[in-house]
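Architecture at a glance
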2 protein chains.
Amino acid sequence: MRDLGVIPAGAMLVRDGRVELTGTRAEIERWVSADAEIVDAGGRIVLPGFVDAHTHPVFAGTRADEFEERMQGATYAEIAARGGGIRSTVRRTREASEAELLETARRRRVWFARGGTTTIEAKSGYGLSVEAELKILRVVRDLAADGKLRYVATFLGAHELPDEYRSRMDAYIALVVEEMLPRVAAERLAEYCDVFCEPSVFPPQKARVVLQAAQRLGLKVRMHADQFSADSGSLLAAELGAATADHLERTGPAGMEALRKANVQPVLLPASVYALGSNTYPAARRMIDLGLAVVLATDFNPGSSPTASMPMVLSLAATQLKMTAAESITASTINAAYSLGRGGECGSLERGKWADFVVHDCDDYRELPYFFGRDPARAVYTSGTCAYKFSEY
Amino acid sequence: MRDLGVIPAGAMLVRDGRVELTGTRAEIERWVSADAEIVDAGGRIVLPGFVDAHTHPVFAGTRADEFEERMQGATYAEIAARGGGIRSTVRRTREASEAELLETARRRRVWFARGGTTTIEAKSGYGLSVEAELKILRVVRDLAADGKLRYVATFLGAHELPDEYRSRMDAYIALVVEEMLPRVAAERLAEYCDVFCEPSVFPPQKARVVLQAAQRLGLKVRMHADQFSADSGSLLAAELGAATADHLERTGPAGMEALRKANVQPVLLPASVYALGSNTYPAARRMIDLGLAVVLATDFNPGSSPTASMPMVLSLAATQLKMTAAESITASTINAAYSLGRGGECGSLERGKWADFVVHDCDDYRELPYFFGRDPARAVYTSGTCAYKFSEY
């Protein structure tokens, strides 16, 4: 994870939206045809676009009020108990029209781009009814339609119990398995299925029911695991052969060993630890030492992680997870791409892959976690086409 | 500090670069003349520009390499002992020409603006020779010349002992007092004098010599105090009637009480705690409870705080210092302006003050610390003139 294959004074030849050749500028210039469009990065670093492998980008409203209450001492559990938390976003997201949700999500999409992200895993989970979950997944599909950024959709119907199913978990699980999942699969609205697996939310035996049903329908599996308690989530992820187990703030040696044996990738979300005002960060260094292909993601959502910035995540990975810049860039590009089944298409600038690349306002890649709290991307390209160009004074 | 005087659906009349009237849109519209220029904030929040009261914005190079070493376990002291730290920036800053320093500092100036800052306290301290210190202060003067952002200059000759004065502290103090300070005062290059007061850097008895000499020359005093050890810095700040005591991560009850009695404002720098990978944050809540007029600032510098973003500082103030959004906005606007002797001119949008204001991409001021890791400013005005306008997709 420490070898980025940096090419000093590098260049890249792109044809038909894909990388044809990378090398030094002198090597590449020999192959440039007269009618080629030249993009001059001005000596700045060019990186593959970040692949943000865990986000919840479609929701109505904010939870800036709860954020402030939490910082003043209210716990996440207390806020949830009086109808706040995920359920308050669910109420607003249900009320919003599909067009409103799309407009809001499009407005926030630029935040990802400003940080240099080109591929976004996008979960549903603020609908929690058949129609509202499908509505969110259609918004994800429509976000992807103009090709500016790429989306990979994940169905997260089992994110929380909705108000009308309080103390009726089995009935809600039945709704997810019997109605939501078949519709999602039939309409091909998601590639992955996720569950918030936690003894206090959806315990492993319930999560298993949902995820196995998803697998029977051809969906692949990612999981919210071990955020508040150890190992039951990671053990289930290993048992089911999930692509990823996400969060892992409480995962112990047994959970890590299970992930390693089953080749499940850990997706670490330090921004949500930070924004919850917690200090319980996942044991990234131990996971890397075990050889796990660690992924970093924003967890962008209105409750625990209101940031869409991968550079912010890289900063937290440095200061809190003690990862090097090279490790965190690997974790948020090529490792993340593999976790989404896109390892052959993006996550690195290699021959044949999509030309998804970003010019950052940095002289050295190590400046990405170092100069923190800013938006470094100057230009964002997907399939070789400029999707966003940001002004610079 | 919790009352921002928010005007919902507000408007403001500006004349000759100053605020003439604020109120609801209906109230203001009655006074708008036919030839007035209308700036429509589109329902977004408008704030007074942030006043960043502690920065080191003029330096050559970065220390991204040391940042990474520190995250891997090297201590600040170890890095300093082998010639790294402040001294490595000093070597590069001495070598750089005045024009080079100005160009680099201008390039980084936009980072402050993107966060919504309009006034910047700027310290020297990476020169540590007569000529190099004066060079830095001239760069600060030249940064201010175009009026895009405001600067308040602080002379920090006693920032560290330069290589050629190792174990000759008294000789260096003499250089600062007898040569640097008189030149700085004669050329009117700084309004304040600061010292890095710390038993292991410049102990109080040495800091006192420098600061009293500065006071005799008509400079006001700010101080680096109690960053690594308790109270000796804050006690000296109180004794000298300093405008501010900055850092205060280790200040105890005696130091706080001394600050309160002497009316010294605490300037808290949570971004440097964060970027050092530390968890020892200053006791902001206790200071606020004592009635101290707390200030927040970035401490922008290449070693301990490579961020120029006040919104990032507001985020850290929420998650780590447990300050509300209103408290942290007060701390970074009006309280900060008073700490720089500019309380009558900026820091709030009140009749007669400079029309230094910023349109942020937020519907509610509480989104500033909440949506973190991004640059929220869309348009930055100083004296009623648009200094920066940032594109939005």
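Scoring rules and cut-offs
Residues numbered from 1 in each chain as written. Chains lettered and ligands numbered in written order. Predicted model: local features only at pLDDT ≥ 70, side-chain atom pairs only at ≥ 80, totals over all residues. Heavy atoms only, no water. Contact = heavy atoms within 4.5 Å. Buried area = accessible area lost by both parts, 1.4 Å probe. Polar contact = N/O pair within 3.5 Å; in protein donor to acceptor, adjacent residues only side chain to side chain. Helix = DSSP H or I, 4+ residues; strand = E, 2+ residues; numbered from the N terminus. Nonpolar A, V, L, I, M, F, W, Y, C, P; charged D, E, K, R; others polar. Least-squares fit on C-alpha atoms with pLDDT ≥ 70 in both. Salt bridge = Lys/Arg side-chain N within 4 Å of Asp/Glu carboxyl O. Buried < 20%, exposed > 50% of the residue type's maximum accessible area, 1.4 Å probe, protein only. Domains from an automatic or database assignment. Phe/Tyr/Trp six-rings, centres within 6.5 Å; stacked < 30°, edge-to-face > 60°. Lys NZ or Arg CZ within 6 Å of the ring centre and 35° of its normal.

**A closer look at the interface of chain B and chain A**
Each partner contributes residues to the interface: chain B has 51 residues there, and chain A has 50 residues. Contact between chain B and chain A buries roughly 4800 Å² in total, counting both sides, with carbon and sulfur atoms accounting for 56%. For the pair chain B and chain A, the number of links is 21 residue pairs in polar contact (both at pLDDT 80 or more). Put simply, the parts of the chain that give the side of chain B that touches chain A at least two residues each are helix H2 (64–71), helix H5 (98–115), helix H11 (270–275), helix H13 (310–319), helix H16 (367–370) and strand S14 (385–389) of chain B. Per-class residue counts for the side of chain B that touches chain A are 23 nonpolar, 13 polar and 15 charged.

**Concerning the relation of the copies chain B and chain A**
Aligned on chain A, chain B shows an RMSD of 0.0 Å; the corresponding rotation is 180° and the shift along the axis is 0.0 Å. When the rotation and shift are considered jointly, the pair of chain copies conforms to a two-fold rotation axis. Considering only C-alpha atoms, the part of chain B nearest the rotation axis is Gly 373 of chain B, at 2.2 Å. A share of 98% of interface residues in chain B that are also interface residues in chain A marks the association as one of identical surfaces.

**Considerations on the pattern of salt bridges**
Inspection of the entire model under this criterion finds 58 salt bridges over all chains. Of the charged contacts, one joins Glu 69 of chain A and Arg 82 of chain A as a salt bridge, the two residues approaching to 2.3 Å between their closest N and O atoms. Here Glu 69 of chain A is found in helix H2 (residues 64–71), whereas its partner Arg 82 of chain A is found in the loop between helix H3 (76–81) and helix H4 (86–95), with 13 residues between them in sequence. Glu 69 of chain A gets classed as partly exposed once you look at its relative accessible area, which sits at 30%. In this structure, the salt-bridge partner of Glu 239 of chain B is Arg 208 of chain B, at a minimum N-O distance of 2.7 Å. Of the two residues, Glu 239 of chain B is situated in helix H9 (residues 232–240) and Arg 208 of chain B in helix H8 (residues 204–216); the sequence distance between them amounts to 31 residues. Given the relative accessible area of 47%, Glu 239 of chain B is considered partly exposed. The partly exposed category is assigned to Arg 208 of chain B, whose relative accessible area is 26%.

**Here's the deal with the domain arrangement of chain A**
Residues and elements named next belong to chain A. Assigned domains of chain A: these are domain 1 (10–46 + 354–389) and domain 2 (48–339). Look at where the C-alpha atoms of domain 1 and domain 2 centre, and you get two points 30 Å apart. Roughly 1700 Å² of surface becomes buried between domain 1 and domain 2 when both sides are summed, with 63% attributable to carbon and sulfur atoms. Taken together, the connections running from domain 1 to domain 2 amount to 1 salt bridge. Applying the counting criterion to the domain 1 and domain 2 interface returns 8 residue pairs in polar contact (both at pLDDT 80 or more). Looking at the side of domain 1 that touches domain 2, the elements that each hand over two or more residues are strand S12 (357–360), helix H16 (367–370), strand S13 (377–382) and strand S14 (385–389). Ranked by the residues each element gives to the side of domain 1 that touches domain 2, the list is headed by S13, at 4 residues. Taken together, the residues of the side of domain 1 that touches domain 2 sort by class into 14 nonpolar, 3 polar and 3 charged.

**Quick look at the packing of aromatic side chains**
One pass over the structure, following the stated rule, counts 24 aromatic pairs over all chains. Relative to Phe 300 of chain A, the ring of Phe 112 of chain A has its centre 5.4 Å away and its plane inclined at 85°; by these criteria the two rings are edge-to-face. Here Phe 300 of chain A lies in the loop between strand S11 (295–296) and helix H13 (310–319) and Phe 112 of chain A lies in helix H5 (residues 98–115), a separation of 188 residues in the sequence. Owing to a relative accessible area of 2%, Phe 112 of chain A belongs among the buried residues under this scheme. Grouping aromatic residues by their ring pairs yields a cluster made of Phe 59, Phe 67, Trp 111, Phe 112, Tyr 126 and Phe 300 of chain A together with Tyr 370 and Phe 371 of chain B. Over the aromatic face of Tyr 192 of chain A sits the side chain of Arg 222 of chain A, whose NZ or CZ is 4.7 Å from the ring centroid. In this arrangement the basic side chain of Arg 168 of chain B is found over the ring face of Tyr 165 of chain B, its NZ or CZ atom lying 4.6 Å from the centre.

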